[in-house]
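Descriptive analysis of the structure
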Amino acid sequence: MDITFEKVDYTYQANSPFEHKALDSMSFHLPTGSVTAIVGHTGSGKSTLIQHLNGLIRPTNGKVRIGDYVLEPKKKPKHAKALREKVGIVFQYPEHQLFEETVEKDIAFGPRNFGVPEQEIQKRVAESAQAVGLRADLLKRSPFELSGGQMRRVAIAGILAVRPRVLVLDEPTAGLDPRGQKEIMDMFYRIHQEQQLTTILVTHSMEDALAYADQVLVLDKGKKYMEGTPVEVFSQRQALQQVQLDVPEMFQFLLKASDRFGKPVAYQGQDVERLAEQLAALAGDPNE
Amino acid sequence: MHAIEFRNVSFRYEEDQPYVLRNVSFQVETGEWLAIIGHNGSGKSTIAKLMNGLLFPSEGEIFINDIPLTEENIWEIRSQVGMVFQNPDNQFVGTTVRDDVAFGLENRGVPRAEMMERITSSLEQVRMHDYLLHEPYRLSGGQKQRVAIAGVLAISPRVIILDEATAMLDPLGRKEILDTVHRVQAEQQIGLITITHDLNEVMQAERVLVMNDGEVWMTTVPRELVKKQTELQQIGLDVPFVSQLAHALQKLGVPLTEEPIDHEELLDTLWTLHSRK
Ligand SMILES: Nc1ncnc2c1ncn2[C@@H]1O[C@H](COP(=O)(O)OP(=O)(O)OP(=O)(O)O)[C@@H](O)[C@H]1O
Ligand SMILES: Nc1ncnc2c1ncn2[C@@H]1O[C@H](COP(=O)(O)OP(=O)(O)OP(=O)(O)O)[C@@H](O)[C@H]1O
Ligand SMILES: [Mg+2]
Ligand SMILES: [Mg+2]
């Protein structure tokens, strides 16, 4: 589903001393089938932005289009439930979306709520739990008696079980161990491609933005600050540092290496092994 | 003096459940920074909760500043341990940011005038002073983490435990907050324990405790830890970018004698090799 923001403002606690404009004239377009990374400093408006995508909040001014659904100020959206089924959001803190007695019931909640047949629900629960690497013996536990990373996995499984068309992930790898981070991101990417989803990834990991996104949207104080492919965005280190961000570690290293050896070592999508070959050549072949 | 010592600690959440910690022993010196890493569910947060007496060992003993932790002295000891939880929502008690930071100070009987000073300086240190009268639950994810850290800095504890407390911060913010905590730790000779999945953060600590499935897998220094790339990957962990790169270079026959701790060290070595040609 195509997603468009047209001059969207969002104001918290309007007409109070705490009034705060969290989104300021935000416009952008995310084509169907794309992965977009949204990055930005603490409090820049990322979580506020994504809460528009399934109608949890509506713009104060402007318009949001998600496929055929339109969100406008003050108008209760039609088909709100259908929109929530189509757009699955994994929240920043998993506790915010866990509430059932057992992990199993929690994962089943979404599909049950949207009227999926019971037999199919069981199948989806098992599939989703496996996709996020949850041990079977945890399914009968209370979701609140889990470790942080285990809770994160349950929250993700609950969204996957609904089979949304738009996948919205707010810091999905925070709290996951290094293997989990890689496995879960690869899993999202596989599902994204197999089911041709539209995916939005909010992240502080510039590495993930580089590895998985087609386009990167940079926010600063509620405004769009920059937009482009990962390579376009990450070739502007100074501009990113001005808004509390940085380039991926690979880019940081390449800049320092270029500096040290006095010749440019450019980013060409190389992995660690390829970079090692380049550096070995720079340092001088030891076998000569 | 040991800021913290675990002696053969085992723990299970219920009598009829399996142990989630088995025979865990380690020490943190006063003024030392220890990082704890381990796969999801390996027992890190359970260790943290045992350290400040939220949980009690099923077996074994815990010492804080060389004093054994008991049900009797728990309040006294807890006042010396400042902890930031994995999810800051679990620790907010005040209705405003200011009240929240004040709460810990009131509990410790800090006089009114000094309280205001400490609230101001700790919130300034994490750049949240502008939010003094905001409600904690209305903050962004990263702002909540900053306020939770201010709450701990304000009480000047003898031990600080950060359980993935910077996971929601932007890249520069994370560096800045960690530098701040590290500076306070060094100045006041506090014992600092950071639980983290951030491999670069681990490299800044003095020592590392690796947990695996409820047991201590290894206690070591970062430079030794990164030699174990394959073994760490087998238990769900990894080594930082610079170590991966160094190991790839070694495979190509580039003679690196020491494990680099950061980009600069690796580039220095490569430059030296280059200049010798
Ligand atoms: N419920 C709320 N009421 C009032 N203000 C809010 C509320 N939620 C967020 N804000 C404010 O709106 C701004 C944007 O918050 P948002 O949560 O969208 O940021 P974010 O980019 O997701 O940040 P982070 O990376 O820290 O999660 C912040 O200044 C925050 O304090
Ligand atoms: N309240 C609880 N009741 C029962 N079991 C629990 C409870 N909290 C945690 N556990 C279990 O204890 C084990 C250790 O959990 P702990 O939270 O210490 O892990 P962790 O290393 O902090 O993991 P993470 O990296 O995911 O935060 C896990 O298997 C978890 O499921
Ligand atoms: Mg957020
Ligand atoms: Mg934990």
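Scope of this entry: the structure provided in the associated data block. (Residues numbered from 1 in each chain as written. Chains lettered and ligands numbered in written order. Predicted model: local features only at pLDDT ≥ 70, side-chain atom pairs only at ≥ 80, totals over all residues. Heavy atoms only, no water.)

1. Focus: the site of ligand 1
- Taken together, 20 residues form the shell around ligand 1, and within it A:Lys46, A:Thr48, B:Ser140, B:Gly142 and B:Gln143 come nearest.
- Mapping the residues adjacent to ligand 1 onto the chains of the assembly identifies chains A and B.
- Backbone polar atom of A:Gly45 to an oxygen atom of ligand 1: 2.9 Å apart, as the coordinates give it.
- One nitrogen or oxygen atom from the side chain of B:Gln143 is found 2.7 Å from an oxygen atom belonging to ligand 1.
- When isolated, ligand 1 has an accessible area of 630 Å², and the protein chains bury 91% of it.
- Listed by contribution, the elements that provide at least two residues to the shell around ligand 1 are β2 (20-30) and α1 (46-51) of chain A together with α5 (141-154) of chain B.
- When its residues are assigned to classes, the shell around ligand 1 shows 3 nonpolar, 15 polar and 2 charged. (Near = heavy atom within 4 Å. Polar contact = N/O pair within 3.5 Å; in protein donor to acceptor, adjacent residues only side chain to side chain. Areas by Shrake-Rupley, 256 points an atom, 1.4 Å probe, with all protein chains shown as cover. Helix = DSSP H or I, 4+ residues; strand = E, 2+ residues; numbered from the N terminus. Nonpolar A, V, L, I, M, F, W, Y, C, P; charged D, E, K, R; others polar.)

2. Some points on the packing of aromatic side chains
- One pass over the full model with this rule turns up 10 aromatic pairs over all chains.
- Ring centres of A:Tyr10 and A:Tyr12 lie 4.9 Å apart, and the angle between their planes is 80 degrees; this geometry places the pair in the edge-to-face category.
- Note on A:Tyr12: relative accessible area 29%, which makes it partly exposed.
- Plain terms: the ring middles of A:Phe253 and B:Phe241 are 5.9 Å apart, the flat faces sit at 70 degrees to each other, and that makes the pair edge-to-face. You can see A:Phe253 sitting in helix α10 (residues 249-261) and its partner B:Phe241 sitting in helix α10 (residues 241-251), one on each of two chains.
- By the ring-pair criterion, three or more aromatic residues cluster together here, those being A:Phe234, A:Phe251 and A:Tyr267.
- Its guanidinium or amino end placed over the ring of B:Trp75, B:Arg78 lies 4.8 Å from that ring's centre, counting from NZ or CZ. (Phe/Tyr/Trp six-rings, centres within 6.5 Å; stacked < 30°, edge-to-face > 60°. Buried < 20%, exposed > 50% of the residue type's maximum accessible area, 1.4 Å probe, protein only. Lys NZ or Arg CZ within 6 Å of the ring centre and 35° of its normal.)

3. Some thoughts on the nonpolar core
- Ranked by internal contacts, the top residues of the largest apolar core, which has 45 residues, are B:Ile149 and B:Val210.
- If you list the elements that add at least two residues to this core, you get β3 (33-38), α3 (97-107), α4 (112-125), α5, β7 (159-163), α6 (171-188), α7 (199-204) and β9 (207-212) of chain B.
- A per-element tally of this core places α5(B) first, with 7 residues.
- Those residues in contact with B:Val210 that lie beyond four places of it in its chain are B:Ile37, B:Glu215, B:Val216, B:Trp217, B:Met218, B:Leu225, B:Leu232, B:Ile235 and B:Leu237.
- If you look at the next biggest cluster of nonpolar residues, it comprises 33 residues, including A:Val90, A:Leu98, A:Met187 and A:Phe188. (Core = buried A, V, L, I, M, F, W, Y, C linked by side-chain atoms within 4.5 Å. Contact = heavy atoms within 4.5 Å.)

4. Description of the coordination of the magnesium ion (ligand 3)
Residue and element names in this part refer to chain A.
- Note on the magnesium ion (ligand 3): its protein donors are Ser47 (OG) and Gln92 (OE1). The metal-donor distances range over 2.0 to 2.2 Å. Of the two residues, Ser47 is situated in helix α1 and Gln92 in the loop between β6 (87-90) and α3 (103-113); the sequence distance between them amounts to 45 residues.
- Note on Ser47: relative accessible area 22%, which makes it partly exposed. (Donors = N, O, S within 2.8 Å, 3.2 Å for Na, K, Ca; no water.)

5. Considering the interface of chain B and chain A
- Between chain B and chain A, the residue contacts involve 57 residues of the former and 51 residues of the latter.
- A combined buried area of about 4500 Å² lies between chain B and chain A, and 59% of that area is made up of carbon and sulfur atoms.
- Contact with chain A buries area across many residues of chain B, yet B:Asn40, B:Met168 and B:Leu267 alone supply 15% of it, more than any other trio.
- The closest approach of N and O atoms between A:Lys256 and B:Glu264, which form a salt bridge, is 3.2 Å. (Buried area = accessible area lost by both parts, 1.4 Å probe. Salt bridge = Lys/Arg side-chain N within 4 Å of Asp/Glu carboxyl O.)

6. A few points about the coordination of the magnesium ion (ligand 4)
All names here are of chain B.
- In the first shell of the magnesium ion (ligand 4), the protein supplies Ser45 (OG) and Gln86 (OE1), at 2.0 to 2.5 Å from the metal. Residue Ser45 is located in helix α1 (residues 44-51), and its partner Gln86 is located in the loop between β6 (81-84) and α3; the two are separated by 41 residues in the primary sequence.
- A relative accessible area of 21% means that Gln86 is categorised as partly exposed.

7. Details of the sheet that holds strand β1 (residues 3-12) of chain A
Residues and elements named next belong to chain A.
- Strand order across the open sheet formed by 4 strands is β2-β1-β4-β5, with antiparallel pairing between neighbours. Edge strands, defined here as strands with exactly one partner in the open sheet, are β2 and β5 (69-71). Sheet twist, expressed as the mean angle between neighbouring strand axes with direction ignored, is 20 degrees.
- Taken together, the 5 bridges between β1 and strand β4 (residues 61-66) define a ladder with antiparallel strand orientation. Across the sheet, the residue bridging to Thr4 is Arg65, located in β4. (Pairing = 2+ DSSP bridges. Axes fitted to C-alpha atoms, helices over the stretch in contact; angles between N-to-C directions.)

8. Let's talk about the packing of α10(A) against helix α11 (residues 263-276) of chain B
- Where α10(A) contacts α11(B), the axes come no closer than 11 Å and their chain directions differ by 35 degrees. Pair α10(A) / α11(B) crosses with right-handed handedness. Contacts from A:Glu249, A:Gln252, A:Phe253, A:Lys256, A:Ala257, A:Arg260 and A:Phe261 of α10(A) reach α11(B) at B:His263, B:Glu264, B:Leu266, B:Leu267, B:Asp268, B:Leu270, B:Trp271 and B:His274.
- Looking at the contact of α10(A) with α11(B) residue by residue, the class counts come to 7 nonpolar, 3 polar and 5 charged. (Left-handed = near helix turned anticlockwise from the far one by under 90°.)

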